[in-house]
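Descriptive analysis of the structure
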Amino acid sequence: MFAGGGASQRRRLLGELLATGGPLRDRASVYVIDKHYFVAAKLVSLLLEERFNAIGYDIVSSGVARQLALDLATEGPRALGRDGFDRLIATAVGFFSKRNRTGDHVSVDDLFTVFRESHAYARRRKAPQAKKAAKVLELLRTTRPEAEEFARERPAEATPTGEHGLLDDSMDPLVTAVPTVILHASMRYGGKLQVLADDQRLLTDDKLDVLERGAMAVGVVHGLISGNHLENLVRGRSVDHPSLQLADLVAGAGRAVARWHDGQDDPAGHDLHPVMAPLVDPGGLLMDEEPGDFARADTNRVKRR
């Protein structure tokens, strides 16, 4: 949509819609997930958080969990090299992925072989940044009981609700994004929301119910909302709902700007970053960044990756 012949004209028109005074300026936002940080955070929450909870220490409220995830995501590429860090991320995704229900793809042994080898490599690096990643990897090496418990509890078949909840979808960013976007919209607009979600295979009726309850629970526990904030949460197809087509355009523009910010050559990101940066949700899964940072290209990030 933003590349090829006529793309600059389309980018200009979308920019006018999203610019100050445009019809979408206060009616659109973009929730950004940095996938490297997302996976690092999942390693911390699914393994380390469980380990610390068992000894009575809450690493989430204290901010320790976020810092551990940031240290691994930001310093991991320098500590392990790009190939080594990619191997760590891919192995973690493979282990926690729903495709790995039977353990055929990545076993507990496979995961901890990568933990051990990655830690050994990182701790031999002299760079101060490498020591931060090495410390996280050292902690992850102690979580084999938690990984074995996850493997045992993983359902043999898809189980949308009940005891397992969304365990088999733990590595899908939608599981994080959908309830968070709903919660942030409730805080921003108040009252009862009517939410139309794009029709995705993950978003069955049962799983939408789980996500809805999760969004409400987080909001109430943290005092962000007082109670149920949803009137309707339904699915739809973009061919039937122009609003979803428009959301796809805004999301595509957000992705282009994120790529441009990440140091990648993207003409759409270059053209649209002035209007898109203010629309980035400050609650996104970002590596210690502010939404305003998306108004500039960060060449250091692409080198680090």
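For the structure, check the block above.
Scope of this entry: the structure provided in the associated data block. (Residues numbered from 1 in each chain as written. Predicted model: local features only at pLDDT ≥ 70, side-chain atom pairs only at ≥ 80, totals over all residues. Heavy atoms only, no water.)

From N to C terminus, the protein chain includes eleven helices and two strands. The linear arrangement of helices and strands in the protein chain, starting from the amino end, is α-α-α-α-α-α-α-β-α-β-α-α-α. Looking at the 305 residues of the protein chain, the share that counts as buried comes to 45%. Once local pairs closer than 6 in sequence are excluded, the contacts in the protein chain between residues at least 24 apart make up 71%. For the protein chain, the exposed surface amounts to about 15,900 Å²; the carbon and sulfur share of it is 51%. (Helix = DSSP H or I, 4+ residues; strand = E, 2+ residues; numbered from the N terminus. Buried < 20%, exposed > 50% of the residue type's maximum accessible area, 1.4 Å probe, protein only. Contact = heavy atoms within 4.5 Å. Areas by Shrake-Rupley, 256 points an atom, 1.4 Å probe, with all protein chains shown as cover.)

This part takes up the nonpolar core. Within the largest apolar cluster, 47 residues are counted, with the highest numbers of intra-cluster contacts made by Leu 43, Leu 72, Leu 88, Phe 95, Phe 96, Phe 115 and Leu 140. At the level of elements, helix H2 (35-54), helix H3 (64-96), helix H4 (108-123), helix H5 (128-140) and helix H6 (144-153) are the ones that each hand at least two residues to this core. The element that contributes the greatest number of residues to this core is H3, accounting for 14 residues. What Leu 140 contacts, discounting residues up to four positions off in sequence, is Leu 43, Leu 47, Leu 48, Leu 72, Phe 112 and Phe 115. (Core = buried A, V, L, I, M, F, W, Y, C linked by side-chain atoms within 4.5 Å.)

Now for the environment of Lys 126. By secondary structure assignment, the location of Lys 126 is in the loop between H4 and H5. Separated by 47 residues in the primary sequence, Lys 126 and Ala 79 have C-alpha atoms spaced 9.1 Å apart.

With that settled, the discussion passes to the packing of aromatic side chains. Under the counting rule described, the total for this entry stands at five aromatic pairs. With a centroid separation of 5.9 Å and 65° between ring planes, the pair formed by Phe 52 and Tyr 57 is classed as edge-to-face. With relative accessibility at 38%, the residue Tyr 57 sits in the partly exposed group. Summarising the aromatic geometry, the rings of Phe 112 and Phe 115 are spaced 5.0 Å apart at their centres and angled 80° between planes, so their arrangement reads as edge-to-face. (Phe/Tyr/Trp six-rings, centres within 6.5 Å; stacked < 30°, edge-to-face > 60°.)

Our next topic: H2. When the terminal C-alpha atoms of H2 are compared, their 28 Å separation across 20 residues agrees well with the 28 Å that a helix rising 1.5 Å per residue should span. At Leu 48, H2 is bent by approximately 35°, the largest bend along its length. Measuring from the side-chain oxygen of the N-cap residue of H2 to the backbone nitrogen of His 36 gives 3.1 Å; that N-cap residue is Asp 34. The first or second residue beyond H2 is Gly 56, which carries a positive phi of 80°. (Expected span 1.5 Å × (residues − 1). Bend = angle between axes of the 7 residues up to and from the residue. Polar contact = N/O pair within 3.5 Å; in protein donor to acceptor, adjacent residues only side chain to side chain.)

Before going further, it helps to examine a positive patch on the surface. Together, Arg 116, Arg 123, Arg 124 and Arg 141 make up a region of like positive charge exposed at the surface. With respect to the secondary-structure elements, Arg 123 resides in helix H4. Take Arg 123: its relative accessible area is 49%, and that puts it in the partly exposed class. (Patch = residues over 30% accessible without salt bridge, like charges linked within 9 Å, V, L, I, M, F, W, Y side chains within 5 Å. Salt bridge = Lys/Arg side-chain N within 4 Å of Asp/Glu carboxyl O. Lys, Arg positive; Asp, Glu negative; His and termini not counted. Charge placed at Lys NZ, Arg CZ, Asp CG, Glu CD.)

Moving on, we come to the environment of Asp 169. As for its placement among the helices and strands, Asp 169 is situated in the loop between H6 and helix H7 (173-189). On the accessibility criterion, Asp 169 (2% relative accessible area) is buried. Along the primary structure Asp 169 and Leu 202 are separated by 33 residues, whereas in three dimensions their C-alpha atoms are 8.1 Å apart.

Side chains of strand E1 (residues 193-198) alternate between two faces, with Leu 193, Val 195 and Ala 197 buried and Gln 194, Leu 196 and Asp 198 left unburied. Sheet analysis places E1 next to strand E2 (residues 230-236), joined by six bridges and oriented parallel. In the strand pairing of E2, Asp 198 is matched with Gly 236. (Pairing = 2+ DSSP bridges.)

Further remarks concern the packing of H4 against H6. Running from N to C, H4 and H6 cross one another at 150°; their axes reach a closest spacing of 10 Å. One finds that H4 runs roughly antiparallel with respect to H6. Here H4 runs over H6; the crossing is right-handed. Across the interface between the two elements, Val 108, Asp 109, Leu 111 and Phe 112 of H4 pack against Arg 144, Ala 147, Glu 148 and Ala 151 of H6. Residues that form the contact of H4 with H6 fall into these classes: five nonpolar, no polar and three charged. (Axes fitted to C-alpha atoms, helices over the stretch in contact; angles between N-to-C directions. Parallel < 35°, antiparallel > 145°, perpendicular 65-115°, else oblique. Left-handed = near helix turned anticlockwise from the far one by under 90°. Nonpolar A, V, L, I, M, F, W, Y, C, P; charged D, E, K, R; others polar.)

Everything listed is a geometric property; what it means functionally is a separate question.
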